[in-house]
Amino acid sequence: ESQPIVVKGLRALIAETEDLVLAGVSASATEALDALRAEPATAVLVDANPGLRPALRFISDLAQISPGVQPVLWASSLSDVDASRVLQLGARGVARKSLPIDRLLECVRTVAQGGIWLETDDSEPDSQDARRAKSLAKLTPREREVAVFVCRGLRNREIAEVTKADDFIVSD
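Each chain carries its own residue numbering, running from 1 in the direction its sequence is written. Local features in a predicted model are, by the rule used here, given only for residues with pLDDT of at least 70; side-chain atom pairs are given and counted only at 80 or more, and totals for whole chains, interfaces and linings are based on all residues. Side-chain measures were taken over the full set of non-hydrogen atoms in the model, leaving aside hydrogen atoms and water.

A. Representation of the overall build of the protein in the model. Think of it this way: any DSSP run of H or I at least four residues long counts as a helix, any run of E at least two long counts as a strand, and we number them from the N terminus. Counting secondary structure elements, the protein contains eight helices and four strands. Each helix (α) and strand (β) of the protein, taken in turn from the N terminus, gives the series α-α-β-α-β-α-β-α-β-α-α-α. Exposure classes here rest on a 1.4 Å probe applied to the protein chains alone. A residue is buried below 20% of its type maximum, exposed above 50%, and partly exposed in between. Split into buried and exposed, the 172 residues of the protein put 35% on the buried side.

B. Quick peek at the packing of helix 3 (residues 52-65) against helix 4 (residues 80-88). Two elements in contact, helix 3 and helix 4, have axes separated by 9 Å at closest approach and are oriented at 25 degrees. Compared by their axis directions, helix 3 and helix 4 come out roughly parallel. Facing Leu52, Leu56 and Ile59 of helix 3, the residues of helix 4 in contact are Asp82, Arg85 and Val86. Charged residues are taken to be Asp, Glu, Lys and Arg, nonpolar residues to be Ala, Val, Leu, Ile, Met, Phe, Trp, Tyr, Cys and Pro, and polar residues to be all remaining types, Gly included. Looking at the contact of helix 3 with helix 4 residue by residue, the class counts come to four nonpolar, no polar and two charged. Axis definition: a line fit to C-alpha positions, over the contact stretch in the case of helices; interaxial angles, taken between N-to-C directions, run 0 to 180 degrees. Comment on the angle field: the value is read as roughly parallel under 35 degrees, roughly antiparallel over 145, roughly perpendicular from 65 to 115, and oblique elsewhere. Note on contacts: a residue pair is in contact if any heavy atoms of the two residues lie within 4.5 Å.

C. Up close: the sheet that holds strand 4 (residues 117-118). At least two DSSP bridges between two strands are needed for those strands to be called paired. Reading across the sheet, the four strands line up as 1-2-3-4 and stay open at both edges, with parallel pairing between neighbours. Whereas interior strands pair on both sides, the edge strands pair on one side only; in this sheet they are strand 1 (43-47) and strand 4. Note: strand 3 (residues 93-96) against strand 4, two bridges, orientation parallel. Pairing of valine 94 across the sheet is with leucine 118, part of strand 4.

D. Spatial organisation of the nonpolar core. Side-chain atoms within 4.5 Å are what join buried Ala, Val, Leu, Ile, Met, Phe, Trp, Tyr and Cys residues into a set we call a nonpolar core. Within the largest apolar cluster, 24 residues are counted, with the highest numbers of intra-cluster contacts made by Val46, Phe58, Leu62, Leu73, Leu78, Val86 and Val94. Every element with two or more residues in this core is listed here: helix 2 (29-38), strand 1, helix 3, strand 2 (70-75), helix 4 and helix 7 (141-151). At five residues, helix 3 tops the list of elements feeding residues into this core. If you look at the next biggest cluster of nonpolar residues, it comprises nine residues, including Leu10, Trp74, Leu99 and Trp117.

E. Layout of the packing of aromatic side chains. Two rings belonging to Phe, Tyr or Trp (six-membered ring only in the last case) form a pair when the distance between their centres is within 6.5 Å. Interplanar angles under 30 degrees mark stacking, angles over 60 mark edge-to-face geometry, and anything in between is tilted. According to the stated counting rule, one finds zero aromatic pairs in the structure shown. Across the ring face of tryptophan 74, the terminal group of lysine 97 is positioned such that the distance to the ring centre comes to 4.9 Å. Criterion for a charge above a ring: Lys NZ or Arg CZ within 6 Å of the ring centre, and within 35 degrees of the ring normal.

F. Examining the packing of helix 7 against helix 8 (residues 156-163) more closely. Running from N to C, helix 7 and helix 8 point in directions that differ by 130 degrees, and their axes come no closer than 10 Å. Viewed along their axes, helix 7 and helix 8 adopt a mutual orientation that is oblique. Crossing handedness for the pair helix 7 and helix 8: right-handed. Of the residues in helix 8, those touching helix 7 at Arg142, Glu145, Val146, Phe149 and Val150 are Ile159, Val162 and Thr163. For any helix crossing, the convention is left-handed if the near helix is rotated counterclockwise from the far helix by under a right angle, and right-handed if that rotation is clockwise.

G. The side chain of threonine 163, seen in detail. Among the structural elements, threonine 163 can be located in helix 8. Polar contacts here mean pairs of N or O atoms no more than 3.5 Å apart (in protein, one a potential hydrogen donor and the other a potential acceptor; neighbouring residues in sequence count only if both atoms are side-chain atoms). At 2.7 Å, the side chain of threonine 163 forms a polar contact with the backbone oxygen of isoleucine 159. Once residues within four sequence positions are removed from consideration, threonine 163 is found in contact with Arg142, Glu145 and Phe149.

H. How the structure looks around the pairing of strand 1. The pairing of strand 1 with strand 2 spans five bridges and is parallel. Each residue of the ladder has a partner; that of leucine 45, found in strand 2, is valine 72. Look down the strands so they point away from you; if going from the first strand over the helix to the second traces a clockwise path, that crossover is right-handed. Note that the unit made of strand 1, helix 3 and strand 2 has a crossover that is right-handed.

Pasting the structure below:
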């Protein structure tokens, strides 16, 4: 995030929690990647403010450099198509900047604990993308987990192996 007031607010919010620690704030992707190489974090909040393309590049680079770090894309607005692209590149969470504070912290906690958080928004509330995004947000944690694997291109049997689902549940 490039806005000093937002950074200061995030620092203060995280400092008030007992279970989250702010490892650092970086002004550039290169600086962030260098810091994460030196000291990996559990989860990282990736600002989409410089644009979706640089954020996607950062998430992709992060997956190569430090695969254990779980990124959350933090965006003002994101269609479900773009959210799928983000998940395909390795993000474990997508959160809107308009989320209430407690929900943003819940998102970070969920991703840090190995879960998936998917919440998108479209600029046109009545659009088909917005309706699909709302339905995606209603998925159970297990359904979100499977959705991520589908977005990554895994086949049914591969998803069954990864999620330890019984073979009789899965069809090709």
